[in-house]
Structures are given as structure tokens and as C-alpha cells.
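Now for the letters of each chain:
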Amino acid sequence: MLVLRDVSKKYKNGVNAIHNFNLEITPGEFVYIIGPTGSGKSTLIKLLDGELKPTTGEVHVSGFNVGKLRHSKVPLYRRHIGVVFQDFKLLESKTVFENISFALEVVNKPTREIRKRVREVLRLVDLADKSSSFPSELSGGQQQRVAIARAIANKPSLLIADEPTGNLDPEKSTEIISLLERINLEEETTIIMVTHDVELVERFKKRTIALEQGYMVADLVSGGYFKND
């Protein structure tokens with residue numbers, strides 16, 4: 001599913017963000033990526049979604065050698081992954097249904113298939129009754145559910161959740177983790193979640209990869225590890 005071999009990333013300004021990184025994630029895993037600011041989490045996500053290329057080493061995701069992709073091939077690769085951010089990034093002028101369907105329209109799915117899949121994911125994220133609502137009419141937790149629904153609409157093999165609870169209160173954060181667990185189970189989607197939330201990591205224990213200054217300093221199967229700033 002996902003393999004990083006001897007990956008390093010050095011920026012043009014001389015900053016070494018990732019050092020000799022080796023990681024393997026099998027299909028269906030749910031993995032946390034944790035660590036303080038500047039530990040390399042954002043760089044790792046950008047390497048996985050094709051935004052950055054490694055300086056050395058190889059990044060393989062779902063059969064793609066991501067670091068070797070030509071720029072024109074990156075959009076094709078991204079059809080196989082989903083990404084969720086903490087700030088939702090919803091289209092304010094579109095309804096919930098339209099926000100989700102847009103993700104399928106851009107890859108030219110048939111209209112009938114789009115409608116069927118949108119209804120499926122709306123049920124999965126418990127927003128079937130909000131399909132005609134606009135983002136401004138939803139709570140923060142509901143907006144994040146729409147963002148997640150949009151990210152999984154195309155049935156990605158990998159879902160990257162980048163601080164998905166960062167703008168939510170503890171109760172809504174718990175709901176989002178429970179939803180991600182449900183997606184992991186029912187859709188068999190591999191999930192990588194970047195988070196600073198110590199309580200969530202401790203409460204919902206998963207395999208946990210800890211980063212510090214660009215190095216992997218822990219890989220714990222049961223979670224329960226966090227190093228703060």
C-alpha cells in the first residue's frame with residue numbers, strides 16, 4: 001500500500017526536513033503521525049500527496065512511484081488518494097450534495113453513479129438530511145464531515161487526514177475520529193492521520209509514528225506516545 005525507502009527531503013534553502021525515512025503501511029491500517037512543530041509532518045504529507053519530490057529515496061503509494069511522477073501525472077495519482085484538512089476547504093457557493101459530487105464530476109463519473117455514491121457517503125457520515133444545506137449553515141463538525149465525505153467519494157485506497165480535528169472542540173473531535181474508524185472498517189480505507197491531539201491518540205489507540213526534527217523516533221503499534229514542543 002505505502003512504502004518509503006531511505007527518503008530524505010532537503011529544501012532549496014538548505015533545511016533538511018526529512019532524514020533517511022523508512023516506513024511501510026499495509027492496506028487497511030489506521031496510523032497516526034505525531035510530533036512537534038518542525039518535526040517534518042507537513043513535509044511527509046506533501047511527499048505522499050505528490051506535492052513534493054524526495055531529494056533521495058523512493059515513495060510508493062498504491063502502485064505509484066510518487067517521487068518519479070511527471071507533473072502531468074500527479075492529478076491521475078491523486079484520484080487514488082483522499083486528503084482532508086483542518087480548515088475544510090469547502091465550496092461555499094455549493095450545497096453539501098454539490099460539494100461531494102464535484103469531486104466525482106472532475107473525474108468524469110457518470111451522473112447516475114455520482115448520485116448513487118453521494119447518497120452512500122452522506123449516509124456514512126450521517127448527513128443525509130443536510131444534502132441541500134450550504135456550508136455556512138453547518139457547524140464546524142458537520143463541515144468536516146462533508147470534507148471527509150468529499151475525500152472518500154472516489155473510494156480512495158488511502159485517506160490522509162491532516163489535523164482534521166484542529167478546529168473542533170473535544171466532543172466534535174471524538175465524533176470525527178469515530179467516523180474515520182467507521183470509514184477504515186466499512187470502506188476498508190487505509191488512513192494516515194496527522195495530529196497534535198494527545199488525548200485522541202491516548203483514547204483511540206492506533207499504530208503511532210512519532211517524528212522529531214525530521215527523524216522517526218518511535219513506531220508504536222498501540223499508540224500512547226507523544227512528544228510536545
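First things first, this report covers the structure right here in the doc. This is a predicted model, so every value here is computed, not measured.

So, about helix H6 (residues 170-186). For H6, built from 17 residues, the straight-helix expectation of 24 Å at 1.5 Å per residue is met to within 8% by its first-to-last C-alpha distance of 24 Å. Looking at H6, one finds that the buried residues are Ser-173, Thr-174, Ile-176, Ile-177, Leu-179, Leu-180, Ile-183 and Asn-184. Along its buried surface, H6 packs onto strand S3 (30-34), helix H4 (111-124), helix H5 (140-152), strand S7 (158-162), strand S8 (190-194) and helix H7 (198-203). Here H6 starts with a cap whose side-chain oxygen sits 3.2 Å from the backbone nitrogen of Glu-171, and that cap is Asp-169. Looking one or two places after H6, you find Glu-188, whose phi comes out positive at around 55°.

What follows is about the sheet that holds strand S9 (residues 207-212). Reading across the sheet, the six strands line up as S6-S7-S8-S3-S9-S10 and stay open at both edges, with mixed pairing between neighbours. Only two strands of the sheet have a single neighbouring strand rather than two, namely strand S6 (81-85) and strand S10 (215-220). Averaged over all pairs of adjacent strands, the angle between strand axes in this sheet comes to 15°, irrespective of strand direction. Note that S3 and S9 share four bridges and pair parallel. Each residue of the ladder has a partner; that of Ile-34, found in S9, is Ala-210.

Applying the stated rule across the entire model yields 15 salt bridges. Two residues, Lys-89 and Asp-87, come together in a salt bridge whose shortest N-O distance is 3.5 Å. Accessibility expressed as a relative area gives 44% for Lys-89, which makes it partly exposed. Here the residues in one salt-bridge network are Lys-116, Arg-117, Glu-120 and Glu-187, joined through shared partners.

Our next topic: the packing of aromatic side chains. Under the defined criterion, the tally for this structure stands at two aromatic pairs. Pairing Phe-30 with Tyr-32 gives two aromatic rings, centres 5.8 Å apart and planes at 70°, and the pair type is edge-to-face. On the accessibility criterion, Tyr-32 (0% relative accessible area) is buried. Between the aromatic rings of Phe-64 and Tyr-77, the centroid separation amounts to 5.2 Å while the plane-to-plane angle is 65°, which identifies the pairing as edge-to-face. Of this pair, Phe-64 sits in strand S5 (residues 64-65) while Tyr-77 is found in helix H2 (residues 74-78), placing the two residues 13 residues apart along the sequence. Among the residues examined, Tyr-77 registers a relative accessible area of 0% and is labelled buried. The side chain of Lys-89 reaches across the aromatic face of Phe-85, ending 5.1 Å from its centre.

About the cut-offs
Residues numbered from 1 in each chain as written. Predicted model: local features only at pLDDT ≥ 70, side-chain atom pairs only at ≥ 80, totals over all residues. Heavy atoms only, no water. Helix = DSSP H or I, 4+ residues; strand = E, 2+ residues; numbered from the N terminus. Expected span 1.5 Å × (residues − 1). Buried < 20%, exposed > 50% of the residue type's maximum accessible area, 1.4 Å probe, protein only. Contact = heavy atoms within 4.5 Å. Polar contact = N/O pair within 3.5 Å; in protein donor to acceptor, adjacent residues only side chain to side chain. Pairing = 2+ DSSP bridges. Axes fitted to C-alpha atoms, helices over the stretch in contact; angles between N-to-C directions. Salt bridge = Lys/Arg side-chain N within 4 Å of Asp/Glu carboxyl O. Phe/Tyr/Trp six-rings, centres within 6.5 Å; stacked < 30°, edge-to-face > 60°. Lys NZ or Arg CZ within 6 Å of the ring centre and 35° of its normal.

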